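# Chains, contacts and geometry: an overview
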Amino acid sequence: MSSSAPAPASVRPVRVLLVEDDELMRRSFTVALERYGYQMAAAADGLAGLERFRDETFDLLILDVMLPGLDGIGLCRRVRETSLVPVLMMSARGDGLDVVAGLEAGADDYVVKPVDTYVLVARIRSLLRRATYAPAPGPERAAGEGTPPSGTELLVFGDLTIDTGGMEVFVSGRPVALTPTELKLLLEFAAHPGIVRERHTLLRNVWEYGWDGDSRVVDLCVQRLRRKLGRDRIETVRGFGYKLRR
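The sections below set out a description of the structure shown in this document.

Cut-offs and rules
- Residues numbered from 1 in each chain as written.
- Predicted model: local features only at pLDDT ≥ 70, side-chain atom pairs only at ≥ 80, totals over all residues.
- Heavy atoms only, no water.
- Axes fitted to C-alpha atoms, helices over the stretch in contact; angles between N-to-C directions.
- Helix = DSSP H or I, 4+ residues; strand = E, 2+ residues; numbered from the N terminus.
- Parallel < 35°, antiparallel > 145°, perpendicular 65-115°, else oblique.
- Contact = heavy atoms within 4.5 Å.
- Salt bridge = Lys/Arg side-chain N within 4 Å of Asp/Glu carboxyl O.
- Buried < 20%, exposed > 50% of the residue type's maximum accessible area, 1.4 Å probe, protein only.
- Left-handed = near helix turned anticlockwise from the far one by under 90°.
- Nonpolar A, V, L, I, M, F, W, Y, C, P; charged D, E, K, R; others polar.
- Phe/Tyr/Trp six-rings, centres within 6.5 Å; stacked < 30°, edge-to-face > 60°.
- Lys NZ or Arg CZ within 6 Å of the ring centre and 35° of its normal.
- Expected span 1.5 Å × (residues − 1).
- Polar contact = N/O pair within 3.5 Å; in protein donor to acceptor, adjacent residues only side chain to side chain.

## Brief notes about the packing of helix α6 (residues 180-190) against helix α8 (residues 216-229)
It is the contact of α6 with α8, at a shortest axis distance of 10 Å, that shows an interaxial angle of 85 degrees. One way to sum up the angle between α6 and α8 is to call them roughly perpendicular. Where α6 abuts α8, its residues T181, E182, L185, L186 and F189 lie against C221, V222, R224, L225, K228 and L229.

In C-alpha cells:
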C-alpha cells in the first residue's frame, strides 16, 4: 500500500475571451497569451462575443473598441448589465473618445494598439489580482463616530458601510455591486479617510502602473463610484486628487 500523499488538484486555467475582428491580431494575441498559460476563446464580432460570454464562463474579457455588428463599447455595456467580470479594452486611438467611452461603459482598464505582449500580460495580471483582492490583515476599525466592537470587519462612513471580510458594500443598508477595480479604489480611499489621494498614487496602488499612466482611468472610475455611492461621498481636491469624506 502506497504511503504517498495524493497529488494536489490541478489549478483551473484562467479563461479569457478575446473579441477582435482583425484575424491576424486575433490569432497573434491568442497564440501569445496561450504561451503564458491562459485558456483562450475568441470571437470576431461583438454579437458573437456576447453570445460566447452568455454561454460560457470567463475570468476576463479583452474587447476591441471597433467591432462590426456590436462595437466594444456596446458589448461592454451589455456585459455590465449582468456581470462584474474584469474587462480590458483595446483601442487604436489612445487619445480619442474611445478610451473615455470604454471606461464610462464599465471597462476596468485599456491598452492602445499596437501593444507588446508583455504589456498586455501585465495589464491582465493586474486585473486578475484586483478580482481576487483582499485587504491586508490588521486590526479592524470603523471611520466616523465611535470605535467598533473587537473583531468587526466593517468600515462605516455615514450611510456607507464596507464589509472588508465579505468584500461587500452597502449604502443605507442597500447592497451596491462594484467591479473589482471600483472596489479596490474604494478600499484605497477607505484606508485613508479624509486624506487626499493623488492620481499617480491611485494609479500605482490600484491599477499597479509602474510608470506614468493615464489619469483618465482614475477620473472615470471615480465618476462610476459616485453614481453608485452618491456624488458627495468622494470629494475632488482640484490640482491634487480625491479624498473620501468621513
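## Details of the pattern of salt bridges
Under the criterion given, the structure shown has 16 salt bridges. A salt bridge links K113 to E20; its shortest N-O distance comes to 3.1 Å. Note that K113 is positioned in the loop between β5 (109-112) and α5 (117-131) and E20 in the loop between β1 (15-19) and α1 (23-35), a separation of 93 residues in sequence. Note that E182 is salt-bridged to R224, the shortest N-O span being 2.7 Å. Linking E182 in helix α6 with R224 in helix α8, this pair joins segments that are 42 residues apart in sequence. This pair shows no difference in class: E182 is buried, exactly as R224 is. Each member of the salt-bridge network shares a partner with another, and the members are R15, R52 and E56.

## Concerning the packing of helix α2 (residues 46-55) against helix α3 (residues 72-80)
It is the contact of α2 with α3, at a shortest axis distance of 10 Å, that shows an interaxial angle of 20 degrees. When the interaxial angle is binned, α2 and α3 end up roughly parallel. When the axes of α2 and α3 are compared, the crossing they make is right-handed. Counting all contacts with α2, which are made through G46, L50, F53 and R54, the residues of α3 involved are L75, R78 and V79. Considering only residue class, the contact of α2 with α3 consists of four nonpolar, one polar and two charged.

## A few points about the packing of aromatic side chains
Taken as a whole and judged by the stated rule, the model has zero aromatic pairs. The residue whose ring lies beneath R123 is Y209, and the NZ or CZ to ring-centre distance is 4.0 Å.

## A few points about α5
Over its 15 residues, α5 extends 21 Å from the first C-alpha to the last, a length consistent with the 21 Å expected when each residue adds 1.5 Å. Residues of α5 that are buried: L120, V121, R123, I124, S126, L127, L128 and R130. Residues of α5 that are buried sit in contact with α1, β3 (60-64), β4 (87-91), β5 and α6.

## Notes on the side chain of D163
Its place among the elements puts D163 in strand β7 (residues 160-163). A polar side-chain atom of D163 sits 3.0 Å from the main-chain amide nitrogen of G165. If we skip the residues at most four places from it in the chain, D163 touches E153, L154 and E168.

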